[in-house]
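The primary structure of each chain is shown beneath.
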Amino acid sequence: MTRTPVNVTVTGAAGQIGYALLFRIASGHLLGADVPVRLRLLEIPQGLKAAEGTAMELDDCAFPLLQGIEITDDPNVGFDGANVALLVGARPRTKGMERGDLLEANGGIFKPQGKAINDHAADDIKVLVVGNPANTNALIAQAAAPDVPAERFTAMTRLDHNRALSQLAKKTGAQVSDIKKLTIWGNHSATQYPDIFHAEIAGKNAAEVVGDEQWLADDFIPTVAKRGAAIIEARGASSAASAANAAIDHVHTWVNGTAEGNWTSMGIPSDGSYGVPEGLISSFPVTTKNGTYEIVQGLDINEFSRARIDASVQELAEERDAVRALGLI
Ligand SMILES: NC(=O)C1=CN([C@@H]2O[C@H](COP(=O)(O)OP(=O)(O)OC[C@H]3O[C@@H](n4cnc5c(N)ncnc54)[C@H](O)[C@@H]3O)[C@@H](O)[C@H]2O)C=CC1
Ligand SMILES: O=C([O-])CC(=O)C(=O)O
């Protein structure tokens with residue numbers, strides 16, 4: 001194997017998403033079947049023992065691509081030389097709790113991690129924040145890393161994107177692989193807006209194929225937006241395997257590119273496109289190529305969509321103002 005190993009840091013490695021994520025990173029699903037990886041598992045002291053157990057299991061898989069595992073509770077060590085950082089460790093939302101409640105508890109985690117990324121990560125660092133509230137946690141980490149290009153901090157809305165693909169496929173009888181150009185706008189929260197007006201199903205406009213605005217408003221959008229809560233209700237724990245899968249998809253697409261004629265959804269710092277205030281980390285339709293991404297421009301936003309995008313962006317602005325008031329950004 002001639003390629004240089006890529007250093008991948010995973011925080012919250014001993015948690016349920018970590019357990020579903022690490023084996024897929026080590027087996028080549030994150031970066032590619034020919035890319036060796038070195039894993040850094042960052043945990044809090046109480047999580048170290050369980051992380052060691054997971055590392056033992058990773059050893060026991062004898063993954064040919066896995067060139068080392070290091071476990072630490074020190075962010076300065078955890079992010080040293082990191083090329084990819086998956087910030088998963090956070091306090092998960094429990095029954096009846098909204099994401100806003102989590103802002104303060106999680107702010108204390110993401111500020112020091114952002115600083116450690118600033119001081120120690122590799123120059124090409126790419127950051128995906130999974131831990132909720134993901135968009136605003138990404139903003140906190142980014143604000144603490146002024147030397148890292150702002151666009152390297154992203155938040156995960158790929159799970160929402162995948163959920164929307166699946167719901168739309170079910171409704172129309174299409175295969176997921178027939179659906180292209182679906183978009184999640186805004187926050188990874190109940191205000192998010194899954195938009196099918198530009199989506200295509202086997203080349204036909206998805207909104208026209210569905211032809212049922214009431215289903216969109218009263219069924220599709222709330223089902224996708226509240227899926228996280230529905231999983232918690234059913235499982236007694238928040239989404240784990242599907243979240244890990246979406247994290248793999250997010251980074252894989254960022255690094256390896258979107259297919260011609262398609263796009264994906266990522267929470268990224270706004271450049272002001274589509275009226276989203278600059279700097280907010282909001283989900284947009286993006287294409288990716290050679291490890292960079294671009295917002296898809298020039299989409300017509302109808303009234304139905306405009307109101308929903310604005311509502312989610314308003315929530316992001318409120319979260320930003322709240323963490324600003326707490327001195328976290
Ligand atoms: N963006 C998205 O689509 C989704 C986000 N999530 C979020 O992902 C996060 C993780 O979820 P789970 O793995 O289920 O939680 P979990 O509670 O099973 O694991 C979290 C782990 O993070 C660790 N941790 C806490 N603070 C840390 C710190 N400062 N540094 C390093 N590790 C730390 C804990 O010790 C624990 O092992 C939650 O915030 C959850 O809400 C979950 C599903 C989807
Ligand atoms: O709702 C939660 O807390 C977990 C989550 O983000 C999701 O499943 O989308």
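Residues numbered from 1 in each chain as written. Chains lettered and ligands numbered in written order. Predicted model: local features only at pLDDT ≥ 70, side-chain atom pairs only at ≥ 80, totals over all residues. Heavy atoms only, no water.

1. Section: the domain arrangement of the chain
Then step 1. Annotation of the chain at the domain level lists domain 1 (4–153) and domain 2 (155–319).
Then step 2. Counting residues at the interface gives 33 residues for domain 1 and 38 residues for domain 2.
Then step 3. Buried surface at the junction of domain 1 and domain 2, both sides included, amounts to about 2800 Å², of which 64% is carbon and sulfur.
Then step 4. For the domain 1 face of the interface with domain 2, the top three residues by lost area are Lys126, Leu128 and Asn135, together amounting to 22%.
Then step 5. The interface formed by domain 1 and domain 2 contains 0 salt bridges.
Then step 6. The tally of links from domain 1 across to domain 2 stands at 10 residue pairs in polar contact (both at pLDDT 80 or more).
Then step 7. Among the elements of the structure, helix 1 (16–26), strand 4 (84–87), strand 5 (126–129) and helix 5 (134–143) are those that each provide at least two residues to the side of domain 1 that touches domain 2.
Then step 8. Grouping the constituent residues of the side of domain 1 that touches domain 2 by class yields 20 nonpolar, 6 polar and 7 charged. (Domains from an automatic or database assignment. Contact = heavy atoms within 4.5 Å. Buried area = accessible area lost by both parts, 1.4 Å probe. Salt bridge = Lys/Arg side-chain N within 4 Å of Asp/Glu carboxyl O. Polar contact = N/O pair within 3.5 Å; in protein donor to acceptor, adjacent residues only side chain to side chain. Helix = DSSP H or I, 4+ residues; strand = E, 2+ residues; numbered from the N terminus. Nonpolar A, V, L, I, M, F, W, Y, C, P; charged D, E, K, R; others polar.)

2. Here we look at the nonpolar core
Then step 1. By size, the foremost hydrophobic cluster in this structure holds 40 residues, and its most contacted members are Leu168, Leu182, Ile196, Phe220 and Phe284.
Then step 2. Mapped onto this core, the elements with two or more residues apiece are helix 6 (158–172), strand 8 (183–185), helix 7 (206–210), helix 8 (213–225), strand 12 (264–269), strand 13 (281–289), strand 14 (292–295) and helix 11 (303–325).
Then step 3. Discounting chain neighbours no more than four positions away, the residues touching phenylalanine 220 are Ala164, Gln167, Leu168, Pro194, Ile196 and Trp215.
Then step 4. One finds Ala13, Phe63, Val84 and Ala244 within the second-largest nonpolar core, a separate group that totals 35 residues. (Core = buried A, V, L, I, M, F, W, Y, C linked by side-chain atoms within 4.5 Å. Buried < 20%, exposed > 50% of the residue type's maximum accessible area, 1.4 Å probe, protein only.)

3. A look at the sheet that holds strand 11 (residues 204–205)
Then step 1. Taken in spatial order, the 3 strands line up as 7-10-11 in an open sheet, and their pairing is antiparallel. Looking at the sheet topology across the chains shown, the edges are occupied by strand 7 (179–180) and strand 11. (Pairing = 2+ DSSP bridges.)

4. Topic: the pattern of salt bridges
Then step 1. Applying the stated criterion across every chain yields a total of 9 salt bridges.
Then step 2. For the salt bridge of arginine 306 with aspartate 310, the shortest nitrogen-to-oxygen distance reads 3.0 Å. Taken together, the residues arginine 306 and aspartate 310, both in helix 11 and 4 residues apart, mark about one turn of the helix.
Then step 3. Here the salt bridges do not stand alone but share partners, grouping Arg320, Asp321 and Arg324 into one network.

5. Considering the packing of aromatic side chains
Then step 1. One pass over the full model with this rule turns up 7 aromatic pairs.
Then step 2. On the basis of an interplanar angle of 65° and a centroid distance of 5.6 Å, the ring pair of phenylalanine 197 and phenylalanine 304 is categorised as edge-to-face. Residue phenylalanine 197 is located in the loop between strand 9 (193–195) and strand 10 (200–201), and its partner phenylalanine 304 is located in helix 11; the two are separated by 107 residues in the primary sequence. As far as burial versus exposure is concerned, phenylalanine 197 and phenylalanine 304 are alike and both buried.
Then step 3. Over the ring of phenylalanine 304 we find arginine 308; its NZ or CZ atom is 3.7 Å from the centre of that ring. (Phe/Tyr/Trp six-rings, centres within 6.5 Å; stacked < 30°, edge-to-face > 60°. Lys NZ or Arg CZ within 6 Å of the ring centre and 35° of its normal.)

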